[in-house]
Amino acid sequence: MSFDLILFGGTGDLAWRKIMPALFQAFRHGSLPEGGRIVGVARDDLSDDQYRALIKSRFDQVELAKRPSEEEFSRFAALLGYLRMDLANPADYAQLAARLQQRPADVVVMYVATAPGLFTTVCEQIAAAGLNGPQTRVVLEKPLGHDLASNRAINETVRSVLTEQQIFRIDHYLGKPSVQNLFALRFGNSLFEPLWRREHIANIQITIAEELGVEKRGAFYDSTGALRDMVQNHALQLLCAVAMEPPINAHADAIRDEKLKVLRSLKAWTPETLRQHVIRGQYAGGSIDGEAVPAYRDEKGVDPHSRTETFVALRAEIANWRWAGVPFYIRTGKRLAGRDAHIEVNFRPAPHAIFKSPLASSNVDNRLVINLQPKDGLELHLLAQGADQRRGGGTSRGAPTLAPVQLDLDFDKRFGSERVGAYERLLLDVIAGRLNLFVRSDEQEEAWRWVEPILDAWRHDSTGPRPYASGTWGPSASSAMIARDGYCWSEEC
Ligand code: BG6
């Protein structure tokens, strides 16, 4: 199967940081179909060779294991080409069409990795140039809009020129091996399913913590914030993966139907829950790994009086039979104490305690942790009979004591070299036409509908985000919120 991949935004950050390295990995692994062409598109005046040289120089900044050797790059470079385009100019799309017609491919992927403001222009122009035929697939990066209305407007325009089957809305968290493992854990085994419900689960916590600040994206981030950047998409997709009903099969729409039901069941906000159950923060200066780092407001491109949140913690509830009354806590932030993404499923304590151990009645060691990054694996925390008792050699020393133990599955170790990175997986899926790990428009709209009242409430709230020192776990109000339910974040328990 031959393919053409047209990368709009071909000289941008995303292109060289994520997309090109992922395409190269797929090439290196031999999984990129033969006979492919990759054409970078941008405004710069570059020849094919100059573009190849640019991409080659950028690979120096990619982590070592993912960097091509000279020989590998020269083979990969044979796939690369470049086209200068002004994305608002119809004549330039005619040029693109001519280039594509030189050698018609079975599949044409249009990857729109540009500023979000250009998404609809590109889609409309592609259609005007007659490039929206059934062989075309369009990949749209997030953020798709900044609220429900703008998201709908984009979706409407895009759907007026392409079918839903041709639209691949990317959320790279869905491509992470750990997230697919979560599906495998839940729907490939029968062990957890009977326990995966309100009768046995006390609460679920989703943490996506980053050590990095806003890096070079200060201006973009300042008009976006953590709620739009991480919660509306990545965190809610994780929530769906953990809370959805088993789909009837593994087809894209069966999975997306179930995710949509979760989003629709999220309890609507009230003025009271908006006040009590949503915490926003903004990083102040501090230190990360012993190095001083600046406050958010001192970052390049950020308004010195900015009220944009770099941290969000919230408490959600899913109003359905499986989850009624079970709190789902989500928190995400930049410049936190570590790079750590995980989901914690806290089971209820044993209903009747026969062991005289304070641990027996807590749920601290009665939990499943799904580690997403930096490591990818599963930890099952249980209580076992402690060392004291064994040393005592019997029952003469009194009641048995309990001690925490942990089953630890390290997927990186187990599957190491066979693993496929998120962007690589998703790019291969686009080429193959598999939509399972992409977001449907109704899911996206539902997620916007749910976060929008938070954005509205913040607009009318004069207090602004709470400052937190870089290198910590965010404002203390986040711990207070969860403590009100009698729980704690994992690092505090
Ligand atoms: C992106 C956000 O979608 O995800 C970034 O825009 C964030 O702000 C990134 O840093 C996190 O992705 P990952 O894969 O590094 O956890």
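Our subject is the structure that appears above.
Not measured: the values here are computed from a predicted model. (Residues numbered from 1 in each chain as written. Predicted model: local features only at pLDDT ≥ 70, side-chain atom pairs only at ≥ 80, totals over all residues. Heavy atoms only, no water.)

Draft legend 1. Structural view of the overall build of the protein chain. Of regular secondary structure, the protein chain possesses 17 helices and 16 strands. Taken against the 2.2 N^0.38 rule, which gives 23 Å for 493 residues, the C-alpha radius of gyration of the protein chain at 24 Å falls within 12% of a compact globule. Dimensions of the protein chain, computed from the C-alpha atoms along their principal axes, are close to 85 × 50 × 50 Å. The buried share of the protein chain, taken over its 493 residues, is 53%. A fraction of 77% describes how many contacts in the protein chain between residues 6 or more apart in sequence connect residues 24 or more apart. On the protein chain, roughly 21600 Å² of surface is accessible, and the fraction owed to carbon and sulfur atoms is 53%. (Helix = DSSP H or I, 4+ residues; strand = E, 2+ residues; numbered from the N terminus. Rg over C-alpha atoms; globule rule 2.2 N^0.38 Å. Buried < 20%, exposed > 50% of the residue type's maximum accessible area, 1.4 Å probe, protein only. Contact = heavy atoms within 4.5 Å. Areas by Shrake-Rupley, 256 points an atom, 1.4 Å probe, with all protein chains shown as cover.)

Draft legend 2. View of the state of the cysteines. Evaluation of the coordinates by the stated rule reveals one disulfide. Note that Cys-488 is cross-linked by a disulfide to Cys-493, the S-S spacing being 1.8 Å. Every disulfide takes its handedness from the sign of the S-S torsion; for Cys-488 and Cys-493 that torsion is 120°, giving right-handed. For Cys-493, a relative accessible area of 49% gives the class partly exposed. (Disulfide = S-S within 2.5 Å.)

Draft legend 3. Quick look at the packing of aromatic side chains. Scanning the model with the defined rule gives 19 aromatic pairs in all. Arranged with centres 5.6 Å apart and planes meeting at 75°, the rings of Tyr-283 and Tyr-296 form a pair that is edge-to-face. Here Tyr-283, found in strand β8 (residues 278-288), pairs with Tyr-296, found in the loop between β9 (291-293) and β10 (311-317); they are 13 residues apart in sequence, far enough to count as distant. Looking at Tyr-296, the relative accessible area reads 0%, which means it is buried. (Phe/Tyr/Trp six-rings, centres within 6.5 Å; stacked < 30°, edge-to-face > 60°.)

Draft legend 4. Layout of the pairing of β10. Counting buried residues in β10 gives seven out of seven residues, a clear majority hidden from the surface. The alternating pattern of β10 places Phe-311, Ala-313, Arg-315 and Glu-317 and Val-312, Leu-314 and Ala-316 on opposite faces, both of which are buried. Sheet topology note: the β8/β10 ladder contains four bridges and is antiparallel. Counterpart to Val-278 in the pairing with β10 is Leu-314. Here β10 pairs with strand β11 (residues 327-333) via seven bridges, running antiparallel. Across the sheet, residue Val-312 finds its bridge partner in β11, namely Thr-332. (Pairing = 2+ DSSP bridges.)

Draft legend 5. Representation of the side chain of Ser-478 within the structure. Relative to the elements of secondary structure, Ser-478 occurs in helix α17 (residues 476-483). Within the structure, Ser-478 has its side chain in polar contact with the side chain of Trp-489 (distance 2.9 Å). In this structure Ser-478 touches Ile-279, Phe-311, Ala-313 and Trp-489, once residues within four positions along its chain are discounted. (Polar contact = N/O pair within 3.5 Å; in protein donor to acceptor, adjacent residues only side chain to side chain.)

Draft legend 6. Highlighting a nonpolar patch on the surface. A surface patch of nonpolar side chains, amounting to about 240 Å² of accessible area, comprises Leu-382, Val-405 and Leu-407. Among the secondary structure elements, Leu-382 is positioned in strand β14 (residues 377-385). Residue Leu-382 is classed as partly exposed on the basis of its relative accessible area, which comes to 35%. (Patch = residues over 30% accessible without salt bridge, like charges linked within 9 Å, V, L, I, M, F, W, Y side chains within 5 Å. Salt bridge = Lys/Arg side-chain N within 4 Å of Asp/Glu carboxyl O.)

Draft legend 7. Region of the structure containing helix α10 (residues 225-243). For α10, which comprises 19 residues, the first-to-last C-alpha distance of 25 Å matches the rise-based estimate of 27 Å (1.5 Å per residue) to within 8%. At Val-231, α10 shows its maximal bend, which comes to roughly 50°. Of all 19 residues in α10, 19 are buried, a share of seventy percent or more. (Expected span 1.5 Å × (residues − 1). Bend = angle between axes of the 7 residues up to and from the residue.)

Draft legend 8. Broad picture of the environment of Ala-350. As for its position among the elements, Ala-350 is in the loop between β12 (340-347) and β13 (367-373). Overall, the relative accessible area of 45% leaves Ala-350 in the partly exposed class. Residues Ala-350 and Asn-366 lie 16 residues apart in sequence; the distance between their C-alpha atoms is 9.0 Å.

Draft legend 9. Layout of the pattern of salt bridges. Under the defined criterion, the tally for this structure stands at 40 salt bridges. Linking Arg-17 and Asp-13 is a salt bridge whose minimum nitrogen-to-oxygen distance equals 3.7 Å. Residue Arg-17 and its partner Asp-13 are both found in helix α1 (residues 13-28); the two are separated by four residues, about one turn of the helix. Take Arg-17: its relative accessible area is 41%, and that puts it in the partly exposed class.

Draft legend 10. Geometry of the environment of Ala-341. Considering the arrangement of structural elements, one finds Ala-341 in strand β12. Spatially, the C-alpha atom of Ala-341 lies 38 Å from that of Gly-35, the residues being 306 residues apart in sequence. Those residues in contact with Ala-341, other than ones at most four positions away along the chain, are Thr-207, Ile-208, Ile-370, Asn-371, Leu-372 and Gln-373.

Draft legend 11. Quick peek at the side chain of Ser-306. Here Ser-306 lies in the loop between β9 and β10. The exposure class assigned to Ser-306 is buried, which follows from its relative accessible area of 3%. There is a polar contact of 3.0 Å between the side chain of Ser-306 and the backbone nitrogen of Thr-308. Beyond its immediate chain neighbours, meaning those up to four positions away, Ser-306 contacts Asp-222, Gln-282, Tyr-296 and Arg-297.

Draft legend 12. Quick peek at the nonpolar core. One finds Met-20, Phe-76, Tyr-111, Leu-314 and Phe-328 to be the most contacted residues of the largest nonpolar core, which totals 115 residues. The element best represented in this core is α10, accounting for 12 residues. If we ignore the near neighbours within four places in the chain, the residues touching Met-20 are Leu-7, Ala-15, Ile-38, Tyr-51, Ile-55, Phe-59, Phe-76 and Leu-80. By size, the runner-up hydrophobic cluster in this structure holds 26 residues, among which are Leu-96, Val-108, Phe-119 and Leu-140. (Core = buried A, V, L, I, M, F, W, Y, C linked by side-chain atoms within 4.5 Å.)

Draft legend 13. Quick look at the site of the ligand. All residues in the neighbourhood of the ligand are listed as Lys-142, His-172, Tyr-173, Lys-176, Glu-210, Arg-217, Asp-229, Met-230, His-234, Lys-334 and Gln-373. Within the side chain of His-234, a nitrogen or oxygen atom sits 2.7 Å from an oxygen atom of the ligand. Alone, the ligand offers 400 Å² of accessible surface; in the complex the protein occludes 83% of this. At the level of secondary structure, the elements contributing two or more residues to the shell around the ligand comprise α7 (172-175) and α10. (Near = heavy atom within 4 Å.)

Draft legend 14. Fine view of the packing of helix α8 (residues 177-188) against α10. Direction vectors running N to C along α8 and α10 enclose 15°, while the axes themselves pass 9 Å from each other. In terms of orientation, α8 lies roughly parallel with respect to α10. Where α8 crosses over α10, the handedness of that crossing is left-handed. Here Val-179, Leu-182, Phe-183 and Arg-186 of α8 lie close against α10, whose contacting residues are Leu-238, Ala-241, Val-242 and Ala-243. (Axes fitted to C-alpha atoms, helices over the stretch in contact; angles between N-to-C directions. Parallel < 35°, antiparallel > 145°, perpendicular 65-115°, else oblique. Left-handed = near helix turned anticlockwise from the far one by under 90°.)

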